[in-house]
Amino acid sequence: MNYISTRGDAPTLNFEDTLLAGLARDGGLYVPEQWPTLDAAALRRLQGRPYPEVAAAVMRLFVGDTLTPAELQDIVDQAYARFRHHSVAPLVQIGPDEWVMELWHGPTLAFKDVAMQVLARLYDHALAKRDQTLTIVGATSGDTGSAAIEAVRGRERACIFIMHPHGRTSEVQRRQMTTVLDNNVHNLAIEGTFDDCQDILKSLFNDHAFRDEVSLSGVNSINWARVLPQVVYYVTAALSLGLDRPPVFAVPTGNFGDVFAGYVATKLGLPVRRLLVATNVNDILWRTLSAGDHSLAGVTPTMSPSMDIQVSSNFERLLFDLYKRDPRKIASMMAQLKENRKFEISKDALQQASDLFAAERVDEAETLAMIGQVYRETEYLIDPHTAVGVAAYRRFKAAQGSNFRGPGVMLSTAHPAKFPDAVERATGVRPPLPEEMADLYEREERYDVLPADVQAVKDYILGKRR
Ligand SMILES: *Cc1c(COP(=O)(O)O)cnc(C)c1O
């Protein structure tokens, strides 16, 4: 299995080199050269199997010969041994044929752990094999950073630099990053938005001399190995609801990584009725999928900060397929986006996308109301990101009329205790942190504030990396 860049001007790589590269050298994103498939019989054989076994069976299709089946199984087993729920991604029913998929049983209480715990172990394996070290950089709107730091802390062959927008993450999110004091962990509070952090990140990767000097790698979902482990829970959810009842998956979306993983699951052959892209008021993906309008607007802070994004990097991977894998077309659209802050999607491409994708936009009042509504109906607490998914699903379902058939699976991307203020405002209940994190507010913090400036960040990394 080889990987090619969406912009057509970077070397073709195997899985391991793709993992270590992160972003392609031409600024594009790596995608599999062709989509592997699992036939119906193979899918059925996975029904009822433990999560790590399904994970290895799915990921095996993508890693080629860079890992033996036993090595892959071992990595996956270790990654999920730390989760607080043995099913890893359990389904909880909140209404007739409405299921919440809890993806936050990992160490940092958000779904990013599902991929990051695997990614860190894939890095370890590859770096040990090559006797190499790595400088990992990431930009985070909150959850990627803590999940990456938690996965990489204390590892000998990697140091990690995480940029977060100063003052724009929740306190729990910030503390989960800044209270990790291992000396291979560096937190950079950037004076700007998440998109500024992401721009700096892209500039670091596009400076090839710097990139090679420090052996740069990325843990954002531009890294293919970040997306891949997320394919698995779409498979386990569909399997447990029965393959003859293709679900609608409602996915709270920012960078399009998680919902792209759902798309990959459909490419494998998983029966899925719809992938519902749920955005907050930072709605570029809703405008794109409903009207073909991909134009950048300012970022508005919301109570679901992990989706306060306008530059939705992973959307490029879908565009690549929508435009029949023509890298010149993608390169030119991305150049347009950079120059004019927008591009338009052709009717054809949009039509094709709408066979599988739908989109809803959920504002702040609806988000808050949905947290309250679900709590009153079921005494179940959901965080604001999850609430965006639930609200989107219920609106979508209502619009389909009485012929609509579920099931609906709403991805719950964060534990309610990660966003306690919003949850308390909506329900009057302040969700407690799990026991092992109960002292988070007392722990010592460490981070440095930097301007939103590429050179400042480069100098910082050069000074601190080992
Ligand atoms: C990262 C994140 C999202 C958005 O995921 P994408 O893959 O960027 O679309 C949604 N909810 C939470 C809690 C997150 O941490």
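The structure presented is a predicted model; accordingly, all values stated were derived computationally and were not measured.

**Let's talk about the site of the ligand**
What surrounds the ligand is a group of 15 residues, the closest being Lys112, Asp143, Gly254, Asn255 and Thr413. Note that an oxygen atom of the ligand is positioned 3.2 Å from one of the backbone N or O atoms of Phe256. One of the side-chain nitrogen or oxygen atoms of Thr413 is found 2.8 Å away from a nitrogen atom of the ligand. Protein burial of the ligand: of its 380 Å² of free accessible surface, 97% is covered by the chains. Of the residues in the shell around the ligand, the class split is five nonpolar, seven polar and three charged.

**Focus on the packing of helix H8 (residues 194-206) against helix H19 (residues 454-464)**
Running from N to C, H8 and H19 point in directions that differ by 65 degrees, and their axes come no closer than 10 Å. Read as a crossing pair, H8 and H19 show a hand that is right-handed. Listed contacts from H19 to Ile200, Ser203 and Leu204 of H8 are Val454, Val457, Lys458 and Ile461. The residue makeup of the contact of H8 with H19, split by class, is five nonpolar, one polar and one charged.

**Describing the side chain of Thr140**
By the element assignment, Thr140 lies in the loop between strand S6 (134-139) and helix H6 (143-152). Overall, the relative accessible area of 0% leaves Thr140 in the buried class. Looking at Thr140, its side chain comes within polar contact range of the main-chain nitrogen of Asp143, at 3.5 Å. A polar atom in the side chain of Thr140 sits 3.2 Å from the backbone nitrogen of Thr144. Apart from the residues lying within four places of it in its own chain, the contact partners of Thr140 are Gly145, Ile162, Met163, His164, Pro165, Met177 and Phe194.

**As for the environment of Lys112**
Along the polypeptide, Lys112 turns up in helix H5 (residues 112-130). Given a relative accessible area of 11%, Lys112 falls into the buried group. Separated by 55 residues in the primary sequence, Lys112 and Ala57 place their C-alpha atoms 20 Å from one another. Aside from chain neighbours lying at most four places away, what touches Lys112 is Asp143, Thr144, Ala147 and Arg226.

**A short note on the pattern of salt bridges**
What the rule picks out here adds up to 32 salt bridges. Between Asp212 and Arg25 there is a salt bridge; the shortest N-O distance is 3.2 Å. Within this pair, whereas Asp212 is found in helix H9 (residues 208-214), its partner Arg25 is found in the loop between helix H1 (15-21) and strand S3 (30-32), the two being separated by 187 residues in sequence. For Arg25, a relative accessible area of 33% translates into the label partly exposed. Note that Arg430 and Glu424 form a salt bridge whose closest N and O atoms lie 2.8 Å from each other. Where salt bridges share partners, they join Glu16, Asp17, Lys129 and Arg130 into one cluster.

**What to know about the sheet that holds strand S1 (residues 2-5)**
Spatially, the three strands line up as an open sheet ordered S2-S1-S3, and their pairing is antiparallel. Of all the strands in the sheet, just strand S2 (13-14) and S3 have a single pairing partner and so form its edges. Both S1 and S3 contribute to a ladder of three bridges, which runs antiparallel. Residue pairing across strands places Tyr3 opposite Pro32, the latter belonging to S3.

**Remarks on the nonpolar core**
Formed by 113 residues in total, the largest nonpolar core has its most connected members in Tyr80, Trp224, Tyr233, Tyr234, Phe249 and Phe357. Ranked by residues supplied to this core, first place goes to helix H10 (residues 224-241) with 13 residues. The residues contacting Phe357, other than those within four sequence positions of it, are Phe256, Val259, Tyr263, Arg274, Leu275, Val277, Leu289 and Leu318. Grouped together as the second largest cluster of nonpolar side chains are 25 residues, Val248, Ala278, Ile371 and Ala426 included.

**Structural notes on the sheet that holds strand S7 (residues 158-165)**
Spatially, five strands are ordered S9-S6-S7-S8-S16 in an open sheet, and the strand pairing comes out parallel. For this open sheet the edge positions go to strand S9 (216-218) and strand S16 (448-451), each flanked by a neighbour on one side alone. Sheet twist, expressed as the average angle between the axes of neighbouring strands with direction ignored, equals 30 degrees. The sheet contact formed by strand S8 (residues 185-191) and S16 spans four bridges and is parallel. In the strand pairing of S16, Glu191 is matched with Pro451. Sheet strands in contact with H6 are S6, S7 and S8, and its direction is about 165 degrees off that of S7.

About the thresholds
- Residues numbered from 1 in each chain as written.
- Predicted model: local features only at pLDDT ≥ 70, side-chain atom pairs only at ≥ 80, totals over all residues.
- Heavy atoms only, no water.
- Near = heavy atom within 4 Å.
- Polar contact = N/O pair within 3.5 Å; in protein donor to acceptor, adjacent residues only side chain to side chain.
- Areas by Shrake-Rupley, 256 points an atom, 1.4 Å probe, with all protein chains shown as cover.
- Nonpolar A, V, L, I, M, F, W, Y, C, P; charged D, E, K, R; others polar.
- Axes fitted to C-alpha atoms, helices over the stretch in contact; angles between N-to-C directions.
- Helix = DSSP H or I, 4+ residues; strand = E, 2+ residues; numbered from the N terminus.
- Left-handed = near helix turned anticlockwise from the far one by under 90°.
- Contact = heavy atoms within 4.5 Å.
- Buried < 20%, exposed > 50% of the residue type's maximum accessible area, 1.4 Å probe, protein only.
- Salt bridge = Lys/Arg side-chain N within 4 Å of Asp/Glu carboxyl O.
- Pairing = 2+ DSSP bridges.
- Core = buried A, V, L, I, M, F, W, Y, C linked by side-chain atoms within 4.5 Å.

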